[in-house]
Amino acid sequence: MMPLDFSIVLRFQHALLLGLLTTLELTAICIVLGCAWGFLIALARTSGSRVLRAAASVYVEFFRGTPVLIQLFWIFFCLPLILGFELSNFTCGVTALTLYMGAITSETFRASLKTVGREQFDACVALGLSPWTRVTSVVLPQAVLRAVPTLLSNCVSLFKESALVSAVGMADLMFIGQNISNNTARPVEVLTIVAAIYFAIAFPLTRLVTVVERRILRRLAV
């Protein structure tokens, strides 16, 4: 058995940093797009239209009930055949993770929308506010405030799920870590460091979720 030598990772620190930046960029894009899409899906699931509710429910249950890896593979291998043109692995990664993020955040928003009192909607109608103003100025701020802790948890989950894009050749942190471990024959050292990087980012965020949740609960209790 070869002795462990973690110093070998220092030779590839710049490559790992580039992979980490790609992972963070991908995660940030999917968080923004996924949260926006998830809020729209939540509105659809709480609308008065049976068709919208049914379509939104099928979408949410499908993307929550199937593995993200399968969704990613389908978009990468099958969707180009249907569209008739190739998609980059970055585009496929963003699409798959955004659709997944939209599904899980829609449930978060739907739960928070239920906590917005009916009197808020009645007041909007009485004031003659347009549907757009009603949603953006009254409903959205209250729903987002109540959803923040769970949304942060969803963001942490998405950051960890982003490692799956390495399966379609996207040069994220996991993909670069795998290549380095294969080329150096040092999987223990390299993959341990990669796992430590993911943990160093995800763990403080999970602690942040707890702090934010306590503060919001105190604020709502006032």
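Please refer to the structure higher up on the page.
About the criteria used
- Throughout, a residue's number is its position along its own chain's written sequence, starting from 1.
- This being a predicted model, a pLDDT of at least 70 is required before a residue's local features are given, and a value of 80 or more before pairs of side-chain atoms are given or counted; all residues contribute to the totals for chains, interfaces and linings.
- The basis for the side-chain values is all heavy atoms of the structure; hydrogens and waters are excluded.
- Only rings of Phe, Tyr and Trp enter the pairing, Trp through its six-membered ring, and a pair is recorded when the two centres are within 6.5 Å. The plane angle decides the type: under 30 degrees is stacked, over 60 is edge-to-face, the rest tilted.
- Secondary structure is summarised from DSSP: a helix means a run of H or I of at least four residues, a strand means a run of E of at least two, and numbering begins at the N terminus for each.
- For every residue, the accessible area (1.4 Å probe, protein chains only) is compared with the maximum for its type, and the residue is labelled buried under 20%, exposed over 50%, or partly exposed between those bounds.
- Angles shown run from 0 to 180 degrees and are taken between the N-to-C directions of axes, each axis being a line fitted to C-alpha atoms and, for helices, limited to the stretch in contact.
- The labels follow the angle: roughly parallel below 35 degrees, roughly antiparallel above 145, roughly perpendicular from 65 to 115, and oblique for the rest.
- Here is the rule for handedness: rotate from the far helix to the near one, and if that takes an anticlockwise turn smaller than a right angle the crossing is left-handed, while a clockwise turn gives right-handed.
- Here a residue-residue contact requires only that any non-hydrogen atoms of the pair lie within 4.5 Å.
- By nonpolar core is meant a set of buried Ala, Val, Leu, Ile, Met, Phe, Trp, Tyr and Cys residues that side-chain atoms within 4.5 Å join together.
- Candidate patch residues must exceed 30% relative accessible area and have no salt bridge, after which like charges are joined if within 9 Å and Val, Leu, Ile, Met, Phe, Trp or Tyr side chains if within 5 Å.
- Note on areas: Shrake-Rupley with a 1.4 Å probe; residue coverage comes only from the protein chains shown.
- The rule for a salt bridge is simple: a side-chain nitrogen of Lys or Arg has to be within 4 Å of a carboxyl oxygen of Asp or Glu.
- Charge assignment in this entry is limited to Lys and Arg as positive and Asp and Glu as negative, and neither His nor the chain termini are counted.
- Throughout, a charge is located at the NZ atom of Lys, the CZ atom of Arg, the CG atom of Asp or the CD atom of Glu.
- Counting rule for disulfides: a pair of cysteine sulfur atoms within 2.5 Å.
- Two N or O atoms form a polar contact when they lie within 3.5 Å of each other; inside protein one atom must be a possible hydrogen donor and the other a possible acceptor, and for residues adjacent in sequence the pair counts only when both atoms belong to side chains.

A. Broad picture of the packing of aromatic side chains. Summed over the entire model, instances satisfying the criterion amount to eight aromatic pairs. The interplanar angle of 80 degrees and the centroid separation of 6.0 Å between the aromatic rings of Trp37 and Tyr59 together place this pair among those described as edge-to-face. One end of the pair, Trp37, is in helix H1 (residues 13-45); the other, Tyr59, is in helix H2 (residues 50-65), and 22 residues separate them in sequence. Judged by relative accessible area, Tyr59 falls into the buried class, the value being 13%. With centroids separated by 5.2 Å and ring planes inclined at 20 degrees, the aromatic side chains of Phe199 and Phe203 adopt a geometry described as stacked. Residue Phe199 and its partner Phe203 are located together in helix H8 (residues 187-221), separated by four residues, close to a single helical turn. Taking relative accessible area as the criterion, Phe203 reaches 40% and is therefore assigned partly exposed. Ring pairing ties together the aromatic residues Trp37, Tyr59, Phe62 and Phe63, which thus form one cluster.

B. The arrangement of the packing of H1 against H2 in detail. Interaxial distance between H1 and H2 falls to 7 Å at its minimum, and their mutual angle equals 135 degrees. In terms of axis orientation, H1 runs oblique to H2. Judged by the twist between their axes, the crossing of H1 over H2 is left-handed. Here H1 contributes Trp37, Ile41, Ala44 and Arg45 to the contact with H2, which in turn contributes Leu52, Arg53, Ala56, Ser57, Tyr59, Val60 and Glu61.

C. The arrangement of the nonpolar core in detail. Residues Leu26, Leu97, Met101 and Leu158 are the most contacted members of the largest nonpolar core, which totals 29 residues. For this core, the secondary-structure elements that each account for two or more residues are H1, helix H3 (68-83), helix H4 (89-114) and helix H6 (131-161). Per element, the largest residue contribution to this core is nine residues, and it comes from H4. Apart from residues lying up to four places away in sequence, Leu97 is in contact with Leu26, Cys30, Val68, Leu158, Glu161, Ser162 and Val165. In terms of nonpolar packing, the next biggest core, distinct from the first, is built from 14 residues, Leu16, Val156, Leu173 and Ala202 among them.

D. Structural context of a positive patch on the surface. Among the surface-exposed residues, Arg207, Arg214, Arg215 and Arg218 lie close enough to one another that they form a single positively charged patch. With respect to the element layout, Arg215 can be found in helix H8. Note on Arg215: relative accessible area 57%, which makes it exposed.

E. A look at a nonpolar patch on the surface. A cluster of nonpolar side chains, contributed by Leu17, Leu18, Leu21 and Leu24, occupies part of the molecular surface with about 360 Å² of accessible area. The topology assignment puts Leu17 in helix H1. Leu17 gets classed as partly exposed once you look at its relative accessible area, which sits at 45%.

F. Layout of the state of the cysteines. Per the counting criterion, the structure on display carries zero disulfides. Just so you know, Cys35 is unpaired, no disulfide at all, and the nearest cysteine sulfur is the one on Cys155, 5.1 Å from it. In this structure Cys35 comes out as buried when scored by relative accessible area, which is 16%. Take Cys78: it sits in no disulfide, and the sulfur closest to it among the cysteines is that of Cys92, at 11 Å. Since its relative accessible area comes to 28%, Cys78 is described here as partly exposed.

G. Representation of the side chain of Ser106 in the model. Of note, Ser106 is situated in helix H4. Reaching out from Ser106, the side chain makes a polar contact with the backbone oxygen of Ala103 at a distance of 2.7 Å. When neighbours within four sequence positions are excluded, Ser106 is seen to be in contact with Gly38, Ile41, Ala42 and Val60.

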